[in-house]
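Chains, contacts and geometry: an overview
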Amino acid sequence: MSKQADYSIDGDAEGDDEVVLGQKTGTVADKKAMARLGKEQVFKRNFGFVSIFGFALIIMGTWEGIIPTLAFGLGNGGPGGLIWTFLATWTGFTLVTISMAEMASMAPTSGGQYHWVSEFAPPHIQKILSYFIGWLGVLGYQVGTTIGAYVAGTLIQGLIILSNPDTYTPKRWHGTLMAICISSCVAVFNTFLAKHLPLIEGIILVLHLAGFVAIMVPLWVMAPRSPSSQVWTPFLDENDWGSVGLACMVGLITSAGALVGGDAAAHMAEELKNASKILPRAMIWTVIVNGALGFLMLVTFLYTLGDLGEDLATPTGYPIIQVFDTATGSAGGACGLTAILILLGVCGNLTTMAGSSRQLFSFARDQGVPFNRWLSRVPPGYDVPVNAILVSALCSCVFHCIYVGSVVAFNIILSIGTVALLSSYMVSIGTITWKRIRGHPLLPSKMSLGRWGLPINIASMLFCAVVYVFAFFPSAPNPPAISMNWAIVVYSGVLLTALVYYLVQARFNYVGPVTYVKKSI
């Protein structure tokens with residue numbers, strides 16, 4: 001069994017760890033953590049539990065994220081497959097998040113997974129392994145900055161189609177322009193109004209919960225009701241995989257996409273007071289609450305689907321809009337309910353851009369990407385990584401433009417985000433599993449899994465490995481080349497780009513964050 005390593009700062013009593021030293025320094029525990037990590041405190045610690053909980057909750061955004069994407073799961077597994085794979089996926093991601101929460105308590109840093117890999121991996125591979133996980137973490141969150149704006153923009157376009165079926169001719173670039181506009185506004189907020197972000201996250205938390213009630217109640221009261229036999233037990237293989245079980249495994253990607261992101265709060269660790277204590281709590285409560293809300297909304301949606309064929313054939317592009325229209329009996333009612341999803345999509349984009357910019361800033365600070373000095377710069381008076389925010393916004397806009405040229409290519413880009421984050425989860429948890437198996441001492445933390453650590457870590461890795469494999473499957477067997485899931489090609493291309501940069505430049509500059517860690521201070 002692993003032991004706890006002895007790291008301490010002489011003269012500081014354990015009971016004094018939660019004493020607040022200042023808005024920027026945070027608590028005594030925060031000061032200790034930054035000193036041990038060998039990092040300068042450059043951000044103000046404005047976040048508390050409620051604001052960081054709201055931040056993480058909306059990034060994961062399970063209930064509002066799953067209902068616009070249910071068409072894929074309905075074709076691969078059917079209603080029964082969706083429900084039971086959701087429960088299995090929720091359980092798996094809970095274990096994953098618990099594993100990461102323990103590491104976050106040990107090393108609360110905005111670097112997250114790539115930092116944990118650097119600290120826990122065998123010394124001879126920590127540098128190269130943490131480098132590639134850093135790239136995948138950056139990729140996952142840069143792609144994530146696209147999703148909220150894309151969903152909000154195309155939902156707006158869907159409402160225009162619903163309200164003007166005879167006079168409006170939809171074009172992909174219409175939704176793209178709205179998404180680019182949303183991303184740009186979000187970047188402006190994150191740059192110039194960042195000091196209000198903790199307050200906004202608290203408000204978003206209320207909207208997240210109120211929006212859930214505001215959508216679920218009208219569906220239960222007004223929508224047509226399907227019998228339970230059509231909700232809990234139909235397992236379908238509409239795409240002819242030849243096996244219902246295989247179809248359900250492919251369809252679980254719907255639930256995985258809605259539950260990924262349990263690490264989100266970790267990337268704001270350097271802006272959170274008493275991070276080593278509050279951060280793991282926020283991470284765990286995020287996956288528990290979001291999973292519960294997502295499950296209730298999924299069951300509600302399946303009970304109130306109505307005519308599935310009509311829902312899937314809706315010209316709006318979103319079956320949920322058709323469900324709202326059928327339930328309320330009016331386009332106005334459908335617009336009102338959909339507006340809640342649009343607002344939360346914008347809020348999700350606002351939050352994700354904050355997290356992605358901190359992830360990029362942290363990796364640039366450790367010289368893992370090109371233009372690292374510029375990307376890691378925090379201009380005086382801003383208290384945010386302005387250049388990293390600009391790059392996150394630019395990446396988002398570039399991805400939006402891909403949608404104009406090819407829907408298939410755009411969907412591949414979006415799926416890469418989930419795969420990249422799964423890779424970072426699997427490897428980071430694998431490194432602490434290795435330490436536990438070898439009996440190496442672990443860092444002290446305010447959240448320890450104790451004897452349950454090893455089985456939880458192993459179960460987490462196995463779960464990630466299963467989802468990782470099926471994330472590369474196409475939506476149907478034997479697809480034509482244009483419909484193939486080329487995610488593996490893009491994923492490999494990113495790793496190849498990282499390798500080229502490593503050979504040309506990073507191997508001389510990047511040493512891994514563990515090099516800066518002070519073992520005794």
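See above for the structure.
Our subject in this report is the structure included herewith.

Cut-offs used in this document
- Residues numbered from 1 in each chain as written.
- Predicted model: local features only at pLDDT ≥ 70, side-chain atom pairs only at ≥ 80, totals over all residues.
- Heavy atoms only, no water.
- Helix = DSSP H or I, 4+ residues; strand = E, 2+ residues; numbered from the N terminus.
- Rg over C-alpha atoms; globule rule 2.2 N^0.38 Å.
- Buried < 20%, exposed > 50% of the residue type's maximum accessible area, 1.4 Å probe, protein only.
- Contact = heavy atoms within 4.5 Å.
- Areas by Shrake-Rupley, 256 points an atom, 1.4 Å probe, with all protein chains shown as cover.
- Lys, Arg positive; Asp, Glu negative; His and termini not counted.
- Charge placed at Lys NZ, Arg CZ, Asp CG, Glu CD.
- Core = buried A, V, L, I, M, F, W, Y, C linked by side-chain atoms within 4.5 Å.
- Patch = residues over 30% accessible without salt bridge, like charges linked within 9 Å, V, L, I, M, F, W, Y side chains within 5 Å.
- Salt bridge = Lys/Arg side-chain N within 4 Å of Asp/Glu carboxyl O.
- Axes fitted to C-alpha atoms, helices over the stretch in contact; angles between N-to-C directions.
- Parallel < 35°, antiparallel > 145°, perpendicular 65-115°, else oblique.
- Left-handed = near helix turned anticlockwise from the far one by under 90°.

1. Concerning the overall build of the chain
Check the secondary structure of the chain and you find 19 helices and 4 strands. Computed over its C-alpha atoms, the radius of gyration of the chain comes to 23 Å, within 12% of the 24 Å expected for a compact globule of 521 residues. Dimensions of the chain, computed from C-alpha atoms along their principal axes, come out at roughly 70 × 50 × 45 Å. By residue count, 58% of the 521 residues in the chain fall in the buried class. The contacts of the chain with a sequence gap of at least 6 include a subset with a gap of at least 24, amounting to 81%. Summed over all atoms, the accessible surface of the chain reaches about 19800 Å², with 67% contributed by carbon and sulfur. Here the chain contributes 28 positive and 26 negative side-chain charges, whose respective centroids are spaced 12 Å apart.

2. Regarding the nonpolar core
Core analysis: the biggest nonpolar cluster contains 154 residues, and Phe 93 and Tyr 131 have the highest contact counts within it. Looking at which element gives the most residues to this core, the answer is helix α11 (residues 275-303), with 16 residues. In contact with Phe 93, not counting residues within four places along its chain, are Ala 256, Leu 259, Val 260, Val 287, Leu 422, Tyr 425 and Phe 463.

3. So, a nonpolar patch on the surface
A surface patch of nonpolar side chains, amounting to about 440 Å² of accessible area, comprises Leu 496, Leu 499, Val 500, Leu 503 and Val 504. Among the secondary structure elements, Val 504 is positioned in helix α19 (residues 487-509). Given a relative accessible area of 56%, Val 504 falls into the exposed group.

4. Focus on the pattern of salt bridges
Overall, the coordinates contain 7 salt bridges when judged by the stated rule. A salt bridge links Glu 119 to Arg 36, with the shortest nitrogen-to-oxygen separation between them at 2.7 Å. With Glu 119 in helix α6 (residues 113-120) and Arg 36 in helix α1 (residues 28-37), this pair connects stretches of sequence that are 83 residues apart. With respect to burial, Glu 119 and Arg 36 carry one shared label: buried.

5. Observations concerning the packing of helix α9 (residues 197-222) against α11
As a packed pair, α9 and α11 sit with axes 10 Å apart at the nearest point and diverge in direction by 20°. Here α11 runs roughly parallel to α9, going by the angle between their axes. The two elements α9 and α11 meet at a crossing, and its hand is left-handed. Contacts between α9 and α11 involve His 208, Leu 209, Phe 212, Ile 215, Met 216, Leu 219 and Trp 220 on the former and, on the latter, Asn 290, Leu 293, Leu 296, Met 297, Thr 300 and Tyr 303.

Function-wise, these values are silent; they only describe arrangement.
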